[in-house]
Amino acid sequence: MSQKPTILLVDDDPDIIEQLTLMLESEGYRLLTAASREEAENLLTTCVPDLAIVDLMMEEMDAGF
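Residue numbers here run from 1 along each chain, matching the order of that chain's written sequence. Side-chain atom pairs in this predicted model are given and counted only at pLDDT of 80 or more, local residue features only at pLDDT of at least 70, and totals for whole chains, interfaces and linings cover all residues. Neither water nor hydrogens contribute to the side-chain values; these are computed over all heavy atoms in the structure.

For the rest of this paragraph, the subject is the nonpolar core. Remark: nonpolar core denotes a set of buried residues (Ala, Val, Leu, Ile, Met, Phe, Trp, Tyr, Cys) joined through side-chain atoms within 4.5 Å. Burial classes follow relative accessibility: with a 1.4 Å probe on protein chains only, a residue under 20% of its type's maximum area counts as buried, one over 50% as exposed, and anything between as partly exposed. Among the nonpolar cores identified, the biggest contains 7 residues, and these are L8, V10, L32, A34, A40, C47 and M58. By the criteria applied, helices consist of DSSP H or I runs no shorter than four residues and strands consist of E runs no shorter than two, each listed in order from the N terminus. When contributions to this core are tallied by element, the ones reaching two or more residues are β1 (6-10) and β2 (30-34). One finds I7, L9, L24 and L31 within the second-largest nonpolar core, a separate group that totals 5 residues.

Written out as structure tokens, the structure is:
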């Protein structure tokens, strides 16, 4: 049996994280979430997601880039 594809979701808006998590998990994806660039970078030291969805306009001007 194959493992579920993993998506890293990075956004500083908790409502967006919650909505996308519910939607994507219901479609069979495994979700990793981060609320900041720093948190996302820490997650990337321990896992390699299949896809990353990143908010480009977070707390710092270039945090999403």
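After that view, the rundown keeps rolling.
Assignment of secondary structure puts D11 in the loop between β1 and α1 (14-26). In the analysis that follows, any N or O atom pair within 3.5 Å is treated as a polar contact, provided that within protein one partner can donate a hydrogen and the other can accept it, and provided that, for residues neighboring in sequence, both atoms belong to side chains. In terms of polar contacts, D11 uses its side chain to reach the backbone amide nitrogen of D13, at 2.8 Å. Any two residues whose heavy atoms approach within 4.5 Å at even a single point are treated as in contact. Sequence-distant contacts of D11, that is, excluding residues within four places in its chain, are made with I16, I17, A34, A35, D55 and M58.

Our focus in this paragraph is the environment of L8. With respect to the helices and strands, the residue L8 is situated in strand β1. When its relative accessible area of 4% is taken as the criterion, L8 is described as buried. Not counting residues within four places of it along the chain, the set of residues in contact with L8 comprises L32, A40, L43, L44, P49, L51, A52 and I53.

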